[in-house]
Structures are given as C-alpha cells and as structure tokens.
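As a plain string of letters, each chain reads:
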Amino acid sequence: MSAARPAPIPLTVLTGFLGAGKTTLLNRLLRDPALADAAVVVNEAGEIGIDHLLVEHVAEGVVALAGGCLCCSLRGDLIATLEDLLRARDNKRIPPFNRLVLETSGLADPAPILQTLTLHPYLAMRYRLAAVVTVVSAVEGPQAAGEHLDAARQIAMADRIVLSKLDVASGDEAAATRALLAKLNPAAPIEDAGVVTAMSLIAEAPPTARDLSEAPAGHGDIRAISLASEAPLTREAYDMFVELLRSAHAPKLLRLKGLIRIVGEPDRPLVVQGVRHVFAEPRFLDAWPDDDRRTRLVAIGEGLEPDLIAKLYAAFAGQASVDRPDRAALVESPLSPRSGGLLG
Ligand SMILES: Nc1nc2c(ncn2[C@@H]2O[C@H](COP(=O)(O)OP(=O)(O)OP(=O)(O)O)[C@@H](O)[C@H]2O)c(=O)[nH]1
C-alpha cells in the first residue's frame, strides 16, 4: 500500500559573511537553466527583509525569512519553512522543485543549520545535504574572519569556497585571502565568483566529517537595525545620511543595505549597498519589487546604538522632532558632540 519513499531533495547551503556576495552570486546563477527546478530560501538578519527583494527573477520561488539571525532565533522557523515547502510541493501548490538552495544570513554559524538538517527526523529523510558553499570576499575576507568567529567557521565548514570581488581586490588582498583559506580549510576547492557556474554551485560534495559543535558564544554585540519611512528622501539627504553614518560609525558598521524612495522617482527605488566603509554607487531598480514603497534600510553592526542610528535617519528622512537634531544642525557640525545631539 505504501508509496515509494520520495528521493531526498539535494540541498545546498550557501553561506558567507555579511556582504561577501551571496545574493550577487545567486542573482547571476538563478538565470541558469540548471537552477530552473530549484527553490531558494533566503534568510536574513533584520526585521525588514531586503535580500529577497534584491534576488531578481525568481519571485515565485523565493521564500524569505525575516527577523534575525538564523542560528540564534530562526532555527524553529527554518524547520517550519523547510517543512512548509515540502507540504506545498507534495500537495502540488507550488512547482515540484527538485533541489533547494538555502542562503544563510551573513551572521549565521552554519553548524546549527547543518545539525538541523542532519538530525531532524523528517527533514533528514526528505532533504539531503549536497554541499556547503561559502562565499568569501577577496577584499574583506581576512578582516571578517579575524574579527568574527562565525566568518571563520563559515570558511572552515565549506565543501567549496567561492572567492568574490577578485575583480576589485589588490594583489596583496587576494594573496592574504588565499593564505587565510589555506589555513582554515586547505581541502576546499576554490572557485572565482565571476566564472563559477550554477552546476558547480549545486554539485554534490563527497561526504565529509564536519565539526558541528556549537560556537562558544553568540554574536557578541552584532545586531541589525531596521529603518523605514514613508516620505521620499532627496538624493542629497540620502548622500549626507550615508556620509554621516560612515564617518560616525564606520568601524562598527558592517553592512548597510536597502531600498530608498527618492523624491521625483515614485516608480523605482534606489538600491543601497555598503560593506564596511565601501559603498557601491547606488543604482535604481527598474521598479519596486513589491507593494511596499517605503524606504527600507537595514544597518548591521557591532556595538551600534539603535537610538543614535534612528535619530540620524529621522533627521534626514524629514521627521526631525525636538529631541532629534535637524538636518541643518547636523550638516553644520556633524561630528561635534553636543548634548542631545547624535554623539552627545
Ligand atoms: N566588485 C565586486 N563587487 C561585488 C562582488 N560580489 C558582490 N559584490 C558587491 O558587494 C556588495 C554585497 O554583495 P551581496 O551579494 O549583497 O552580499 P551578501 O553576501 O548577500 O550580503 P548579506 O546579505 O549582507 O549577507 C554589493 O554591493 C555587491 O554588488 C564581486 O565579485 N565583485
């Protein structure tokens, strides 16, 4: 009577530190027919999901989990999401995807995710871990791994490494990154993000023994701060906000990303991307990716003070109130500490 047990679905875990280039890589590869039957789960830090909006062309297939780091608070949600996907697939409510790519949050320690996948009775039966692929930036990789245990663990657990930003890394930076990879994970093959193929992303790695022990602590004081506002910003106000954020919080700011509603551009958002102090030239998307046309920003950093960031943002988003210094005051003397000011 019982139907044959369905073959387990190969699952690729795509990990890598904040801003390493996971979403960029996925965006390029999702257009490849090799991934036509893949479902993609994007997990992200921060209450406001941004990444799934930046993953283009896969509206039907993307499931975004909003709300915090995967290994800290989303383990339950990950299980529910993977189960929901199976149920929807089994009930034919969604196309019968035959592989799954899970993009972890940049702050995720992969060990608890792999534990979930290998130890959960039902998930372990229906999904099969194909490979852990870690994206490492040839520019920021060594610094990230030096400062953040999870970034080092992401490298150490990889079956394969995809090295990004080789197009902009100096010779010294690339060499330092390769030396780091040789130290943390000498066995993992390294591929260039610019040329790696979808087939190679999803290829099955030979089984390896992974150290799934938990990392000692959580994420230190790393947190994601989400900002949103209705009123459009002028381009100048946005530029000044970012400039101030960088100059006042640069060492603590690991990542800034989001969609900005700009005055005079009601139909398309400006995409913002910053990794540490490096900010890409903002570009306009062709259209808003969903019905929400507010400015949405997520700042992720270590030791960032949400109140200060929120006040700074409010000053530029035109919501200055008495206890929030207005834009003119900030621009006149942006960094001078003063009572009630951003730095005072
Ligand atoms: N020059 C260059 N820039 C890249 C490359 N890969 C990613 N970037 C840029 O780096 C920034 C971060 O890239 P994302 O793909 O969003 O990184 P992510 O790993 O998904 O980041 P999180 O979602 O924060 O974990 C963006 O501005 C990208 O355009 C690359 O190979 N070369």
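Residues numbered from 1 in each chain as written. Predicted model: local features only at pLDDT ≥ 70, side-chain atom pairs only at ≥ 80, totals over all residues.

Named according to an unreviewed UniProt entry, the protein chain is GTP-binding protein originating from Chenggangzhangella methanolivorans. The heading Function (unreviewed entry) in the UniProt record of the protein chain holds the text "Zinc chaperone that directly transfers zinc cofactor to target proteins, thereby activating them. Zinc is transferred from the CXCC motif in the GTPase domain to the zinc binding site in target proteins in a process requiring GTP hydrolysis." UniProt annotates the protein chain under Catalytic activity (unreviewed entry) with the comment "GTP + H2O = GDP + phosphate + H(+)". (UniProt positions renumbered as here; feature names shortened; annotations may be inferred.)

1. Quick notes on the overall build of the protein chain
If you tally the helices and strands in the protein chain, you get 13 helices and 13 strands. The proportion of buried residues among the 344 residues of the protein chain is 42%. Taking contacts inside the protein chain between residues at least 6 apart in sequence as the whole, the part at least 24 apart equals 75%. (Helix = DSSP H or I, 4+ residues; strand = E, 2+ residues; numbered from the N terminus. Buried ≥ 20, exposed ≤ 12 C-beta atoms within 10 Å, placed from the backbone. Contact = placed C-beta atoms within 7 Å.)

2. With respect to the nonpolar core
Counting residues in hydrophobic clusters, the biggest one holds 80 residues, and the most contacted among them are Leu-11, Val-40, Leu-100, Ile-161, Val-162 and Ala-299. Beyond its immediate sequence surroundings of up to four residues, Leu-11 is in contact with Leu-100, Leu-102, Leu-117, Tyr-127, Arg-128, Leu-129 and Ala-130. (Core = buried A, V, L, I, M, F, W, Y, C linked by C-beta atoms within 7 Å.)

3. Some words on the site of the ligand
As a matter of local geometry, the ligand sits amid 21 residues, with Gly-21, Thr-23, Thr-24, Gly-106 and Gln-273 nearest to it. Residue assignment for the shell around the ligand shows that the elements contributing at least two residues are α1 (22–29) and β10 (270–275). With 3 residues, the top contributor of residues to the shell around the ligand is α1. Within the shell around the ligand, the residues separate by chemical class into 7 nonpolar, 9 polar and 5 charged. (Near = placed C-beta within 6 Å. Nonpolar A, V, L, I, M, F, W, Y, C, P; charged D, E, K, R; others polar.)

4. Here we look at the packing of helix α11 (residues 235–249) against helix α12 (residues 306–316)
For the pair α11 and α12, the least separation of the axes is 9 Å and the interaxial angle reads 160°. Between α11 and α12, the interaxial angle falls into the category roughly antiparallel. Every pair of crossing elements has a handedness; the one defined by α11 and α12 is right-handed. Every residue of α12 that contacts α11 at Ala-237, Met-240, Phe-241, Leu-244 and Leu-245 is listed here: Leu-312, Tyr-313 and Phe-316. (Axes fitted to C-alpha atoms, helices over the stretch in contact; angles between N-to-C directions. Parallel < 35°, antiparallel > 145°, perpendicular 65-115°, else oblique. Left-handed = near helix turned anticlockwise from the far one by under 90°.)

5. Here's the deal with α1
Taken as a whole, α1 has its buried residues at Lys-22, Thr-23, Leu-25, Leu-26 and Leu-29. Projected onto a plane normal to the axis of α1, the buried residues spread over an arc of 160° and lie on a single side. (Arc of directions from axis to C-beta.)

6. Here we look at unusual backbone geometry
Phi is positive for Lys-165, which is not a glycine, with a value near 60°. If you trace the backbone, Lys-165 turns up in the loop between β6 (160–164) and α9 (171–184).

7. Here's the deal with the pairing of strand β1 (residues 9–15)
Regular strands place their side chains on alternate faces of the sheet. Within β1, 6 of the 7 residues are buried, leaving the element largely enclosed by the surrounding structure. Sheet analysis places β1 next to strand β5 (residues 127–137), joined by 7 bridges and oriented parallel. Bridge pairing links Pro-10 to Arg-128 in β5. In this structure, β1 lies alongside strand β4 (residues 99–103), joined through 4 bridges in parallel fashion. Bridge assignment links Leu-11 to a residue of β4, and that residue is Leu-100. (Pairing = 2+ DSSP bridges.)

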